[in-house]
Amino acid sequence: MDLTLLAPAALAALAALLVPLLIHLARRSEQRPTDFAALRWLRQKPKPRHRLRFDEWPLLLLRLLLLTLLALWLARPMLDGSASQAPWVAVVPGVDPAVAREAITEADARLHWLATDSPELDQPTPTGMQPIASLLRQLDAELPTDVPLTVLVPEVLQGVDAQRPRLSRAVQWRVLPGTVPVPEPTSPAAVPRLAVRHAPERKDALRYLRAAASAWQPAPKDSAEPVAPDLSTATVDEPLDSDVRWLAWLAPGALPAAIEDWISGGGIALLDSDTTFESNAARIVLWRDELGQPLVEGAAHGKGRVLRLTRALTPAEMPQLMEPDFPRQLRALFDTPPPAPTRVAANHYSPTLGGETYPQSPRDLRPWLALLIVLTLLIERWLATRRRRGAAP
Amino acid sequence: MQDLIPAQVRSRLKELRLVSRRATGQQGVGLHHSRSRGAGLEFSQYRAYEPGDELRQIDWKLYARSDRFFVREAERESPLAAWILVDASASMAQQDASRPDWSRLDAAKALAACIAELALRQGDRFGLVVLREDGLRLVPAGDGARQRDRMLLELHALEAAGGFPGVSKLTPVWDRIGATDLVLMLSDCFDLGVIDLMQQLSAARREVLAIPMLTVEERDFPFHGGYRFRDPETGEELPGDGDALRTGFLRRFGEARQALHAQLDASGIRHAQYVLDEPLDLPLRRLFGSRDAAEYT
C-alpha cells in the first residue's frame, strides 16, 4: 500500500497555511489600551515583547488541518495496493453452491458467481447465459496479480469462446458435478422475401436478382422444375410492405427519407452504385473480386445495415453476376452469421498461461477526503461561531 | 437627582452606627460617651444645687422628700464631627471592563453618602473634603438634612482628575479637622501622599479610618492577550501580555497591599478594604458593625 499523488504540484497550495497562521498571529500585536493605576507593580520585570504567540490554538490547528486536507484533495491522492489479497473463488453458474462451499477449504476465500457484476455466492444463482470466457478474462485483469484464483466449473460449459482463455496467472480449474441449461437449438429460418425497388433504366438488372432469389429457395425433392423466386419487384414509388426485411434499391439519386427510416428500424438494403446516401458509419468492404477490387461495401445505419454496390449490376461491369457463386455471395451479404458454438467439455477448457497482466487501478481517495474536509469545516465553523468566544480571529 | 445609595444598602445601614474611640463630647448632646457630666439621659449622680443651675434640672421629687435642692446629673453624650475625605485623583476614575459604569470614584461617592446618612441619623456633624491636585473642595462640618443635601450636591458634581495634592495644599485639612474628630479616607491608597496624610492625622489625635478601594481587575488581573496599560495620573504606558504579567503582578501587588495594611495598623488607622464587586456596605460593616455580622454579604 502506498500513496501516490496524481497532481503533486497542487501541494503548492500548502502555502495557504500561512493565512491562518497570520490571522492568529496578527491580532497579537494589537494592544487594547487600558487604564491601570497600579502600574508600578506591573512594571517590575518587563517581558520580552516579540515572542511568537498564537491565539486560540484548537481553532488554529483545525484551520491548518482543513487547508492541508484541501491541498491534498487538489493533489489527487491515490492509494495503491489497497485491494484484498484473499483468494478469489469464481463459481460458474451450474455448480451447486453447497457443493462449491464444500470444495473450498480456505477460510478467507471470497466466493463469487462467475457472472456479470460478480454477485456473491449467497445470492441466487444467476440465470441466463453468461459469457464465461469474457468474464474470466475480466476477472483476471481486475484481480491483483498475486491473488490466487480458483474456478469451479460444471462438467459442461456453455458460453465460451472458440479458444482456451489465456490468463496472466495459474488458475486452479476444478470440475465439479453440475449441469448448465442447454439453449434451444435455433433452426435455420426461412429465407425472407427480397423486395426490389428499381428505376426504369435498371430493369435489366432484375433478372440476376430474380435468379439469385430463385436459387435461395430450397429445391423440392421430386421435381426438377425451377422454383419460383420469393421476390417482389416494383418501381421506386411503391411503398414497402411492413414485413419486408431485405431490400434491393436500384435507382440513381438520393435515397428517400422513408427508406432511410426503414433501414434505421432494422432493414437491410442493397443500394445501387449511383444512389447517393450519406452515412457517418465506417464502411467495410464485404465482397471483393479476384483482383481485390471492392464490389460491395457495408456500413451500419441505425439498427439496420446498408450494402452499397460499387459497380452497376451489369455483366460487363460485374462479371460475378454470371458466375454460379453469385446467389450464395448475395445471400451472404444479407444474412447475419450463425452463432458460433459456445458449448465445451469443461476439462478441455482449462485456461492457459501467458495472458497479459494489467496494472491495478489505484483507489481514488478524493471522496473520502472530501467527506473529511466537510467534517472539519463543520467543526471549524462550530468552534469559530460558538457564543463563548473572545473578540479574537 | 439620582440617589447614590442603592435601596438594599440603605435598608442595611440601619444596623450600623458611627463610633469613635476618641470622642470626648465637649459640644452638645449626642450619642458618644464622654467623661464630662451634664444633662443627658444616662443617670450619673446627684449634687447640691448651686446658684446658676437651671430650675428644670432640679429633682423635684427628691426635694419633696428631703426639703433640699438636688440637681440630677447625667453622663453627657456628645456629638461627633465626621470628616469624609474623598481622593479624586485620576486613578479613582478607573473602572472594570466588566462594569464600566461603576468606577472607583462612583463607589467612593456612594460610600460617602452612606456615611453622611449614618451621621445624620445619629445627629453627628459631618463634613466633606475632596482631595484633588487642582485644589481642595470643602463642605464645612454641619448637621441636619440640609448639610447632607449640600454634600450630595458637591458629590454629584465631582469628577476625578489630576494627581494627589501636595502638602502645601493640605493646610485647610488641618484648619478644619479638629482634634478627636473622626476622619474617613476614601481612596485607592496607591499614592504615598494619601498614606502620609492619614498617618499625620492619626498621630495628631484624629481618629482616622481608611477604606482602600480596589477594582476587580487589580485583584484578579483577568487580562488575556495584548494590552497597553496606562497610568492615568502619570500617563506612563506599558505594553504587555496579560497572561505573562499576571503571576508577577498578583504577587507584587499582594505584597504591596500587605505592607500597606501593616503600615496602617502600625499607625493605629483602622481600615477595611473594598473591592468594586463587593456590596457597598461591607467596608462600613467591617469598620462599625459587630464582628460576627460583618462578613455576610
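Residues numbered from 1 in each chain as written. Chains lettered and ligands numbered in written order. Predicted model: local features only at pLDDT ≥ 70, side-chain atom pairs only at ≥ 80, totals over all residues.

Once that is clear, we can look at the overall build of chain A. In terms of regular secondary structure, chain A is built from 8 helices and 21 strands. Across the 393 residues of chain A, 22% fall into the buried class. Considering only intrachain contacts with a sequence separation of at least 6, the fraction spanning at least 24 residues in chain A is 67%. (Helix = DSSP H or I, 4+ residues; strand = E, 2+ residues; numbered from the N terminus. Buried ≥ 20, exposed ≤ 12 C-beta atoms within 10 Å, placed from the backbone. Contact = placed C-beta atoms within 7 Å.)

Moving on: the overall build of chain B. Helix and strand counts for chain B stand at 9 helices and 13 strands. Residue burial in chain B is summarised as follows: out of 297 residues, 38% are buried.

Turning our attention to the pairing of strand β5 (residues 99–103) of chain B. All names here are of chain B. Pairing analysis gives 2 bridges linking strand β4 (residues 95–96) to β5, with the strands arranged antiparallel. Bridging across to β5, Asp96 finds its partner in Arg99. Hairpin connection from β4 to β5: 2 residues lie between these consecutive antiparallel strands. (Pairing = 2+ DSSP bridges.)

A few words now on the sheet that holds strand β2 (residues 32–35) of chain A. Reading across the sheet, the 3 strands line up as β2(A)-β10(B)-β11(B) and stay open at both edges, with mixed pairing between neighbours. Unpaired on one side and paired on the other, β2 of chain A together with β11 (237–241) of chain B mark the two borders of the sheet. Direction aside, neighbouring strands of the sheet carry axes that sit 30° apart on average. Note that strand β10 (residues 226–230) of chain B and β11 of chain B share 5 bridges and pair antiparallel. Bridge pairing in β11 of chain B links Arg230 of chain B to Glu237 of chain B. Lying on the sheet, helix α8 (residues 242–266) of chain B is in contact with β10 and β11 of chain B; it crosses β11 of chain B at an angle near 105°. (Axes fitted to C-alpha atoms, helices over the stretch in contact; angles between N-to-C directions.)

This part covers the interface of chain A and chain B. If you look at the interface, chain A gives 19 residues, while chain B gives 24 residues. Partitioned by chemical class, the residues of the side of chain A that touches chain B number 7 nonpolar, 4 polar and 8 charged. With 4 bridges joining them, β2 of chain A and β10 of chain B adopt parallel strand pairing. By the bridge assignment, Pro33 of chain A is partnered in β10 of chain B with Arg228 of chain B. (Nonpolar A, V, L, I, M, F, W, Y, C, P; charged D, E, K, R; others polar.)

All names here are of chain B. Core analysis: the biggest nonpolar cluster contains 78 residues, and Ala82, Trp83, Ile84, Ala112, Leu184 and Leu186 have the highest contact counts within it. Residue contributions to this core peak at 11 residues, all from helix α3 (residues 104–121). With sequence-adjacent residues up to four places away left out, Ile84 is seen in contact with Ala112, Ile115, Ala116, Phe126, Leu128, Leu184 and Leu186. (Core = buried A, V, L, I, M, F, W, Y, C linked by C-beta atoms within 7 Å.)

Another aspect to go through is the confidence of the model for chain B. Of the residues in chain B, 87% reach a pLDDT of 70 or more, and the chain-wide mean stands at 85. Our summary of model confidence lists the complex with pTM equal to 0.48 and ipTM equal to 0.71. (pLDDT = per-residue confidence, 0-100.)

Residue and element names in this part refer to chain A. One open sheet holds the 4 strands; their spatial order is β5-β4-β6-β9, and the pairing between them is parallel. Either end of the sheet is taken by a strand with one partner, and the two such strands are β5 (110–113) and β9 (171–175). On average, each strand axis in the sheet is tilted by 20° relative to the strand beside it, whichever way the strands run. Alignment of strand β4 (residues 88–91) against β5, held across 4 bridges, turns out to be parallel.

The next subject is the environment of Arg228 of chain B. With respect to the helices, strands and loops of the structure, Arg228 of chain B is situated in strand β10. A count of 14 C-beta atoms within 10 Å places Arg228 of chain B in the partly exposed class. Sequence separation of Arg228 of chain B and Pro239 of chain B is 11 residues, and the distance between their C-alpha atoms is 4.1 Å. Sequence-distant contacts of Arg228 of chain B, that is, excluding residues within four places in its chain, are made with Gln31, Arg32, Pro33 and Thr34 of chain A together with Glu237 and Pro239 of chain B.

In this section: the packing of α3 of chain B against helix α4 (residues 145–156) of chain B. In helix packing, the relevant descriptors are the interaxial angle and the interaxial distance, both defined with respect to the helix axes. All names here are of chain B. Where α3 contacts α4, the axes come no closer than 10 Å and their chain directions differ by 175°. Compared by their axis directions, α3 and α4 come out roughly antiparallel. Of α4, the residues touching α3 (which contributes Lys109, Ala112, Ala113, Ala116 and Leu120) are Ala145, Arg148, Met151, Leu152 and Leu155. (Parallel < 35°, antiparallel > 145°, perpendicular 65-115°, else oblique.)

Quick look at the packing of helix α5 (residues 206–216) of chain A against helix α7 (residues 326–334) of chain A now. All names here are of chain A. As a packed pair, α5 and α7 sit with axes 9 Å apart at the nearest point and diverge in direction by 85°. The pairing of α5 with α7 is recorded here as roughly perpendicular in orientation. Counted together, Ala212, Ala215 and Trp216 of α5 and Phe326, Pro327, Leu330 and Arg331 of α7 form the full contact between these two elements. Taken together, the residues that form the contact of α5 with α7 break down as 6 nonpolar, no polar and 1 charged.

Okay, the environment of Val285 of chain A next. Tracing the backbone through its elements, the reader meets Val285 of chain A in strand β16 (residues 284–288). On the neighbour-count criterion, Val285 of chain A (13 C-beta atoms within 10 Å) is partly exposed.

Residue and element names in this part refer to chain A. Of note, Leu17 is situated in the loop between β1 (2–5) and α1 (18–29). For the pair formed by Leu17 and Leu67, sequence separation is 50 residues and the distance between their alpha carbons is 6.3 Å. Setting aside residues up to four positions removed in sequence, Leu17 forms contacts with Leu64, Leu67 and Thr68.

What follows covers the confidence of the model for chain A. Summing up the model confidence of chain A, the mean pLDDT is 82 and the portion of residues at 70 or higher is 91%. Averaged over each element, pLDDT in chain A is lowest for α1 of chain A (75) and highest for helix α8 (residues 366–385) of chain A (91).

Our next topic: α8 of chain B. Residue and element names in this part refer to chain B. Between its first and last C-alpha atoms α8 spans 35 Å; for 25 residues at 1.5 Å apiece the expected length is 36 Å, and the two agree. Within α8, the axis deviates most sharply at Gly248, by approximately 30°. All buried positions along α8 are accounted for by Leu245, Phe249 and Leu264. Buried residues along α8 sit against β9 (207–214), β11 and β12 (270–271). Phi turns positive one or two residues past the end of α8, at Gly268, with a value near 75°. (Expected span 1.5 Å × (residues − 1). Bend = angle between axes of the 7 residues up to and from the residue.)

This part takes up helix α6 (residues 257–264) of chain A. Residue and element names in this part refer to chain A. Residues of α6 that are buried include every one of Ile259, Glu260, Trp262 and Ile263, and no others. Each buried residue of α6 sits inside an arc of 160° when the element is viewed along its axis, so together they form one side. Among the exposed residues of α6, those oriented more than 90 degrees off its buried face are Ala257, Ala258, Asp261 and Ser264. Summarising the contacts, the buried residues of α6 are in contact with β12 (246–250), β14 (268–271), β17 (294–301) and β18 (304–309). (Arc of directions from axis to C-beta.)

Here the focus is unusual backbone geometry. Phi angles above zero are rare outside glycine, and Asp117 of chain A is one such case at about 70°. Here Asp117 of chain A shows up in the loop between β5 and α4 (132–142).

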